[in-house]
Amino acid sequence: MLFHYAILGIFACTAGLVLGSNDGSSAMVYKCAPNQPSRCLINTVTLENPNTEFSLINAEEKKTLTLKAGRIEALLPKHCQHLSNFEKIIIGKVGLKELCFATSFVEVNAEHNRIKTLHVEDGSYRVETLRLNNNQLQSIDNICKFDALKVLHLEQNFLSTLDMACFAQMKQLKELHLAHNRLNLVTAKITELELPALEFIGLQNNTLTALDLHLWSLPALLKLELSSNNLTNVRGLEQLDILSEISLARNRWQCAELDQMLETVEKNEVTVKDGDVNCIGIRNSTICCTCEQQPTEQTLSDELKKFSNLKKQYDQAKVELDDRIKSELDLFDRKIKELQETNVQQYEKPSEDKECTTDEESTTGLPNPEEPDPEKKVLPKVPECSPVCICSKESMDKVQAMLKEMEDRITENNVKLQTLLENKSQFAYMSTLEKHEFRTAVKRGEYKLKELSSMLAMLRDHINQKQKRH
């Protein structure tokens, strides 16, 4: 028995002592492992209900908190109130979805979780190093409040767009890691972006098609990772005065654009650290590019005429299609009205074989069970408004036969109505599909026109540069 108590005591000291249960009204209290003078180590934490309170004991003098393993659903602002004495937070792979920040935090490491939400309240934060790679972040708006940030790791998240203006106040930012996201657009929605301390930008393994650095002031940038995107051109490389290393492989460079970029890179003595396989590059490089045939102005004019003709055909077809739809709908409404009138007439058709008598006639000759009291005032008899039919068996059989025939007709009419409704639905679907195809064709024409206009501008720039060289 003493042995069992000893084992339990050792486990409590090593893994953290837990007080309370994990329901909505209880509090989870963990005790830091011993023999860690400056660090509070909790080997296993279970906090599956975000409403449960979470606190630590024996952690007053410690500056580092390590939650090594377990299961934590969320760390909310109320939890961070109990963590305000810590400067460094290390959270292992615990399935965390929400993360809070205390103003005392200087370094936060919560990689390899499932974080989607960051809770950052108003205040002055001291965060300098933030590692949130391998999570599920779709937005980093709350990170913009960390003005003291120096190193930011956001690799392997779900980011699709990025406004670099978020980092405008981070004058000490040195490293920005954004690889392996879904970035297709990186812009700066301010007049000029100035990051005086930034030395490294990692944008590899995204889906970028273009990057413009003209309005970015990056005087300290040393390394720029751009490999494995869909880039066709990058503007503004010439203003990166001390850039020493760049990666360019596995993109979709256009040879004219790549030639200008490599010329700038060679001039500034920048090292291209990678290359494509089985590719003979230009300017003694191994970066692949595509030599697209530049269209002439006559070709562009012909394409514009095709687009105009296509627009006219679309407008004409749209008018004809609308007229056809209106005609079909009118025909459908007339059919429904005719069927309704037929049903009403069948219901209102009188029966000619009924032999009916009124209540007064049917009771003639029957003995009166009660003699009228001469002292009571006799009220005049109110005539009956509707006769009650007393029909023969033959008449009832005829009525039943007529009802059966009417029911068959109604069933047949319902079938016709259902067929018409199905035809209407199918026709509406086909008309919608045709409209969509025409709109798609017009959109393709618009995109093609923009692409051709861009190519024409590039052709003119290329010709002007060739003329300047000669």
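First, a word on scope: everything that follows refers to the structure included in this document. (Residues numbered from 1 in each chain as written. Predicted model: local features only at pLDDT ≥ 70, side-chain atom pairs only at ≥ 80, totals over all residues. Heavy atoms only, no water.)

## As for the overall build of the chain
In step 1: Each helix and strand in the chain was counted, giving six helices and 21 strands.
In step 2: When the 470 residues of the chain are sorted by exposure, 35% land in the buried category.
In step 3: A separation of at least 24 residues holds for 48% of the contacts in the chain among residues at least 6 apart in sequence. (Helix = DSSP H or I, 4+ residues; strand = E, 2+ residues; numbered from the N terminus. Buried < 20%, exposed > 50% of the residue type's maximum accessible area, 1.4 Å probe, protein only. Contact = heavy atoms within 4.5 Å.)

## Details of the sheet that holds strand β2 (residues 39-47)
In step 1: Taken together, the eleven strands give an open sheet; going across it, the order is β2-β4-β5-β7-β9-β10-β12-β15-β18-β20-β21, and neighbouring strands pair in parallel fashion. The sheet is open, and its two edges are formed by β2 and β21 (271-272), each paired on a single side.
In step 2: Note that strand β4 (residues 64-72) and strand β5 (residues 88-91) share four bridges and pair parallel. Within β5, the position partnered with Thr-66 by the bridge is Ile-90. (Pairing = 2+ DSSP bridges.)

## A few points about the environment of Glu-87
In step 1: Mapped onto the fold, Glu-87 is located in the loop between α2 (77-80) and β5.
In step 2: Spatially, the C-alpha atom of Glu-87 lies 8.7 Å from that of Val-127, the residues being 40 residues apart in sequence.

## Details of the environment of Glu-192
In step 1: Mapped onto the elements, Glu-192 comes out in the loop between β13 (185-187) and β14 (193-194).
In step 2: A sequence separation of 22 residues divides Glu-192 from His-214, and the C-alpha atoms of the two residues are 8.9 Å apart.
In step 3: Sequence-distant contacts of Glu-192, defined by excluding residues within four places in its chain, comprise Leu-215 and Ser-217.

## Brief notes about the side chain of Ser-227
In step 1: Counting through the fold element by element, Ser-227 comes out in the loop between β18 (223-225) and β19 (233-235).
In step 2: By relative accessible area, which is 6% here, Ser-227 ends up buried.
In step 3: In contact with Ser-227, not counting residues within four places along its chain, are Gln-204, Asn-205, Ser-247, Leu-248, Ala-249, Arg-250, Asn-251 and Asp-274.

## Regarding the environment of Leu-183
In step 1: Note that Leu-183 resides in the loop between β12 (175-177) and β13.
In step 2: Here Leu-183 falls in the buried class, since its relative accessible area comes to 0%.
In step 3: Apart from residues no more than four positions distant in its own chain, Leu-183 is found in contact with Leu-159, Ser-160, Thr-161, Leu-162, Leu-178, Leu-203, Asn-206, Thr-207 and Leu-208.

## What to know about the pattern of salt bridges
In step 1: Overall, the coordinates contain ten salt bridges when judged by the stated rule.
In step 2: One salt bridge in this structure joins Lys-326 and Asp-330, with 3.4 Å as the shortest N-O distance. With Lys-326 and Asp-330 both in helix α4 (residues 297-348) and four residues apart, this pair spans about one turn of that helix.
In step 3: You can call Lys-326 exposed: its relative accessible area is 53%.
In step 4: Residue classification places Asp-330 among the partly exposed positions, given a relative accessible area of 32%. (Salt bridge = Lys/Arg side-chain N within 4 Å of Asp/Glu carboxyl O.)

## Side note on the nonpolar core
A general feature of soluble globular proteins is that nonpolar side chains tend to end up buried together.
In step 1: One finds Leu-99, Phe-101, Ile-143 and Phe-167 to be the most contacted residues of the largest nonpolar core, which totals 82 residues.
In step 2: At the level of secondary structure, the elements contributing two or more residues to this core comprise β1 (27-31), β2, β3 (53-57), β4, β5, β6 (98-100) and α3 (255-267).
In step 3: If we skip the residues at most four places from it in the chain, Phe-101 touches Cys-80, Val-108, Leu-118, His-119, Val-120, Tyr-125, Val-127, Leu-130 and Phe-146. (Core = buried A, V, L, I, M, F, W, Y, C linked by side-chain atoms within 4.5 Å.)

## Observations concerning the packing of aromatic side chains
In step 1: Applying the stated rule across the entire model yields three aromatic pairs.
In step 2: Ring geometry for Tyr-30 against Phe-54: centres 5.9 Å apart, planes inclined by 50 degrees, an arrangement best described as tilted. Of this pair, Tyr-30 sits in strand β1 while Phe-54 sits in strand β3, and the two are 24 residues apart along the sequence.
In step 3: With a relative accessible area of 1%, Phe-54 lands in the buried category.
In step 4: Pairing Tyr-125 with Phe-146 gives two aromatic rings, centres 5.4 Å apart and planes at 65 degrees, and the pair type is edge-to-face. Of this pair, Tyr-125 sits in the loop between β8 (117-119) and β9 (129-131) while Phe-146 sits in the loop between β9 and β10 (151-153), placing them 21 residues apart in sequence. The pair formed by Tyr-125 and Phe-146 is uniform in burial state, with each residue classed as buried.
In step 5: Ring-pair connections join several aromatic residues into one group, and the members of that group are Phe-101, Tyr-125 and Phe-146. (Phe/Tyr/Trp six-rings, centres within 6.5 Å; stacked < 30°, edge-to-face > 60°.)

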